[in-house]
Structure formats: C-alpha cells, structure tokens
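Reading the structure
Read off the chains here:
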Amino acid sequence: MKILVTGAAGFIGSRLMMLLAERGDSVVGIDNINDYYDVRLKYGRLRSAGFETGADGVKWGEELRSSLYGDCRFVRLSIDDKHGLDTIFAKEGFDKVVNLAAQAGVRYSITNPYAYLQSNLVGFLNILEACRNFKVGYLVYASSSSVYGTNEKVPYSEDDKVDSPVSLYAATKKSNELMAHAYSKLYGIKVTGLRYFTVYGPWGRPDMSPMLFATAIEKGEPIKVFNNGDMIRDFTYIDDIVEGTIKVIDTPPAEEEGKASARVYNIGCSHPVKLMDFISEIEQAMGHEANKEFLPMQPGDVYQTNADTSRLETEIGYHPCHTLHEGIGKFVEWYRSADNPLRENQ
Ligand SMILES: NC(=O)c1ccc[n+]([C@@H]2O[C@H](COP(=O)([O-])OP(=O)(O)OC[C@H]3O[C@@H](n4cnc5c(N)ncnc54)[C@H](O)[C@@H]3O)[C@@H](O)[C@H]2O)c1
C-alpha cells in the first residue's frame, strides 16, 4: 500500500509515518517545516525516523530516504503549493492519503488568522482536488475536538450539533469536514475525519500544556493556569492516537448507494481529567511542585473536552490503553532525555 502522510515532521504525523513504514507500507511524508514552533523539534523527529537532514535543514522539494525503514521517504513541500502537490501525486500514484498538515493551535488563530486559511482551507482543498484528479480511493484527515465549541452535553458524540465554533481554528476544522463530505458525494472519494482530543506524549508540541508545564517547572518559572485551573481535558496518549488512526486507514467506509462515503470519528481517551490533577501528575513525574499563576479563561478556549469514542470502538475496534500516569511518565522520561532537541536551551 502506498500512503502519503502530510504534516510528517509534526507530532502526530512523524509517529504515524514511522509506524506505517515499520509494518511495511510504502510511505511518503511531506511537510513545509514551518516555524510556528521551534523547528529543531521537527528536524529531531525526522532524524528519529532515519532521515539525514543536514546542517542547513531540508531544501524545498528535496527527497530524503529513511535509513531506518524500508520504503519511507520525506519531501519538503507545502500543501498550499498546488503545482508541487499535483506533481508528487502524479509521480507516486498514492493508494491512500492521510492529511495531518495544518496550522494547529487555538490561541495562535486569534492573532494569525490568515495562516489558518492558507494551510487549513486552501491546502485542504488542494488535497481534495489532488485526490479527485489522481484517483486516490481513500482520504483520512485530521479534524479536532475543538469543533464541539461550547457544547455542554458530555461526553461529546459525533451526533451532536457542531455549528458553534469558538475559534477560527475550530471553524476551519469544521469546514474540512464539510468540504470532505462534498468531495466524497461528488467524486466518490472515501473520506474519514478524525476529531483528535488533546494529544500528548514524547516529541509533543511545545505550544501545548504538557511541554509548557514541563519547561516552566524545569526552569523554576511559573506555569500559566487558565480559568483558575477549572478546566477539563480528555488527554490522549500519542500511541493510542496513532494506533487508532492506523486502524481507520485500514478500514475505509463502506459504499452506500446514493450516499457519500464520508464519516467522522471522535478519537480520544474517554477519561477526562481536571487540569489541576493533570498538573499534579506532571509535578510528581518531574519531582518538583509548579509555581502556579492563576489566570482567567483565554479567548477561543473551551471549558471541557470529553470524547464519546463508542462509535470508533464498535466499528473499528479502537481501545486506548495508556493511563495518564503511564503516559506522563513516558513524556517526562523523553523530555529529560538527550532525544529532546529543546533541552539545549535549559
Ligand atoms: N495534537 C493535538 O492535540 C491535536 C488535537 C486536535 C487536532 N489536531 C490536528 O492533528 C493534526 C496534526 O497535529 P500535530 O499536533 O501533529 O501538529 P503539528 O503542528 O506538530 O504538525 C502539523 C505539521 O504540519 C506542517 N504544516 C503546516 N502547514 C503546512 C502546509 N501548508 N503544508 C505542509 N505542511 C504543513 C507543520 O510544519 C507541522 O509539522 C493537525 O491537523 C492538527 O490540527 C491535533
């Protein structure tokens, strides 16, 4: 099976690319390696997947081959480059595409709205068009728990109405679901959107709370605790996310006469925790108490996320198995290891 993974230098994409290649798929990863966060982390992930990235990074369009996995290549390419994307689709003839490339982050969308339009809407349209024109049978793409906005009914179910996003980021993810549905109905492309719930673990994002908290605790600086700590998050360990994503890649939606082959799944841990409990788990793993700065709610943030994953469990056999204690332990172990390229700053 030949699979394209976009966002392959990212947190989820790099792990997905490695696990697909490890089991024998032919994988091409693409990423524009943008500097939304420290690119040393993106290059570090690529190196851990066996790519020799060189002192000057990776040139645009340059193709690297992994020294660790059989048939695994990486190309620096942006999904908003329609010509470049069409060229790689024409050359490779992908069987399946997994689109994880996006401008992520809720808070950044308040100050940098146009980045979201370019990657999440124009880029996503380019992916859909390429799937249509180069006859890709199946597209899996990242949506987000943020589409639930201020939904008060918990746990969040795929049947809940998601028409009230509270950030532009969430609005672009909801738009992706609508665009994918339309392309599925019009052109017979099978599509599955995955609403990821707060992913954490080794090689995680420095703009998300586990890394922000660990870094502040290590430096003895205060951690910012929004909404005075009164928040609930369904933290999901990276390996559970990637294993669930692979199961979804392996199980395209069935065809139904006259209907779009389009579906959306929640993918989370289904064990939401209070932010203060999450902080104390990190404190214990790091062996230091955090100095806490209590602040009000941030624009775009939601009070809670809580996934009902019964649909994914029933239809795909998804069973997340990492407890928060285990997951945070693995995260802190990686954070303090020589593998973490951001340690040099401390
Ligand atoms: N991590 C989470 O908790 C979470 C939660 C919900 C949804 N998601 C979604 O899952 C996907 C992966 O998230 P992640 O946490 O790995 O984020 P990430 O930022 O680590 O990875 C995304 C990657 O996409 C790349 N990228 C951005 N714009 C691009 C473009 N135009 N062309 C090519 N590459 C581009 C970035 O350089 C980055 O490496 C994203 O779509 C994100 O919105 C993540």
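These notes cover the structure that comes with them. (Residues numbered from 1 in each chain as written. Predicted model: local features only at pLDDT ≥ 70, side-chain atom pairs only at ≥ 80, totals over all residues. Heavy atoms only, no water.)

Some thoughts on the layout of surface pockets
Empty space within the second largest pocket amounts to approximately 260 Å³. Lining the second largest pocket are 14 residues, and of these Glu 177, Arg 195, Ala 262, Arg 263 and Val 264 lie nearest its centre. Among the elements of the structure, helix H6 (168-187), strand E7 (190-196) and strand E12 (262-267) are those that each provide at least two residues to the lining of the second largest pocket. The leading source of residues in the lining of the second largest pocket is H6, at 4 residues. For the lining of the second largest pocket, the per-class residue count stands at 6 nonpolar, 1 polar and 7 charged. (1 Å grid on protein atoms, 1.4 Å probe; cavity = no way out; pocket = protein on both sides within 12 Å on 5 of 7 lines; lining within 4 Å. Points joined across faces, edges and corners; volume = space filled by probe spheres on them. Helix = DSSP H or I, 4+ residues; strand = E, 2+ residues; numbered from the N terminus. Nonpolar A, V, L, I, M, F, W, Y, C, P; charged D, E, K, R; others polar.)

Observations regarding the site of the ligand
Taken together, 29 residues lie near the ligand, and Asp 31, Tyr 37, Tyr 169, Lys 173 and Val 199 sit nearest. Contact distances for the ligand include 3.2 Å between a nitrogen atom and a side-chain N or O atom of Ser 78. Ile 79 is positioned such that a nitrogen or oxygen atom in its backbone is 2.9 Å from a nitrogen atom of the ligand. If the ligand stood free it would expose 820 Å²; the protein chains cover 98% of that surface. Breaking the shell around the ligand down by element, the ones donating at least two residues are helix H1 (11-22), strand E6 (138-144) and H6. Ranked by residues supplied to the shell around the ligand, first place goes to E6 with 3 residues. The residue makeup of the shell around the ligand, split by class, is 16 nonpolar, 9 polar and 4 charged. (Near = heavy atom within 4 Å. Polar contact = N/O pair within 3.5 Å; in protein donor to acceptor, adjacent residues only side chain to side chain. Areas by Shrake-Rupley, 256 points an atom, 1.4 Å probe, with all protein chains shown as cover.)

Overview of empty space enclosed by the protein
Vacant regions in the atomic arrangement are exposed by a probe of water-molecule size rolled over the atoms. On inspection of all chains with the given rule, the structure shows 2 cavities of 30 Å³ or more. Phe 11, Val 199, Tyr 200, Gly 201, Gly 204, Arg 205, Met 208, Pro 210, Met 211 and Phe 331 together form the lining of the largest cavity. Partitioning the lining of the largest cavity into residue classes produces 7 nonpolar, 2 polar and 1 charged. What the second largest cavity holds in volume is close to 30 Å³. Taken together, the elements giving at least two residues each to the lining of the second largest cavity come down to helix H5 (113-133) and H6.

Quick notes on the pairing of strand E4 (residues 72-76)
Burial of E4 is extensive: 5 of the 5 residues sit out of reach of the surface. Both faces of E4 are covered, namely the face carrying Cys 72, Phe 74 and Arg 76 and the face carrying Arg 73 and Val 75. In this structure, strand E2 (residues 26-31) lies alongside E4, joined through 5 bridges in parallel fashion. Bridge assignment links Asp 31 to a residue of E4, and that residue is Arg 76. Between the end of strand E3 (residues 63-65) and the start of E4, which pair antiparallel, lie 6 residues. (Buried < 20%, exposed > 50% of the residue type's maximum accessible area, 1.4 Å probe, protein only. Pairing = 2+ DSSP bridges.)

With respect to the pattern of salt bridges
Applying the stated rule across the entire model yields 23 salt bridges. Note that Glu 63 is salt-bridged to Arg 73, the shortest N-O span being 3.4 Å. Here Glu 63, found in strand E3, pairs with Arg 73, found in strand E4; they are 10 residues apart in sequence, far enough to count as distant. Looking at Glu 63, the relative accessible area reads 37%, which means it is partly exposed. Asp 207 is the partner of Arg 205 in a salt bridge, and the nearest nitrogen-oxygen pair spans 2.9 Å. For Asp 207, a relative accessible area of 25% gives the class partly exposed. (Salt bridge = Lys/Arg side-chain N within 4 Å of Asp/Glu carboxyl O.)

A few points about the packing of helix H3 (residues 82-92) against H5
Running from N to C, H3 and H5 cross one another at 30 degrees; their axes reach a closest spacing of 10 Å. Between H3 and H5 lies a crossing whose hand is right-handed. Touching Lys 82, Leu 85, Asp 86 and Phe 89 of H3 are Asn 126, Ile 127, Glu 129, Ala 130 and Cys 131, all from H5. For the contact of H3 with H5, a count of residues per class yields 5 nonpolar, 1 polar and 3 charged. (Axes fitted to C-alpha atoms, helices over the stretch in contact; angles between N-to-C directions. Left-handed = near helix turned anticlockwise from the far one by under 90°. Contact = heavy atoms within 4.5 Å.)

Points about the sheet that holds E12
If you walk across this open sheet you meet the 8 strands as E3-E4-E2-E1-E5-E6-E7-E12, and the pairing is mixed. Edge strands, defined here as strands with exactly one partner in the open sheet, are E3 and E12. Ignoring strand direction, the axes of neighbouring strands in this sheet form an average angle of 20 degrees. As paired elements, E6 and E7 share 7 bridges and run parallel to each other. Across the sheet, Ser 144 pairs through a bridge with Tyr 196, a residue of E7.

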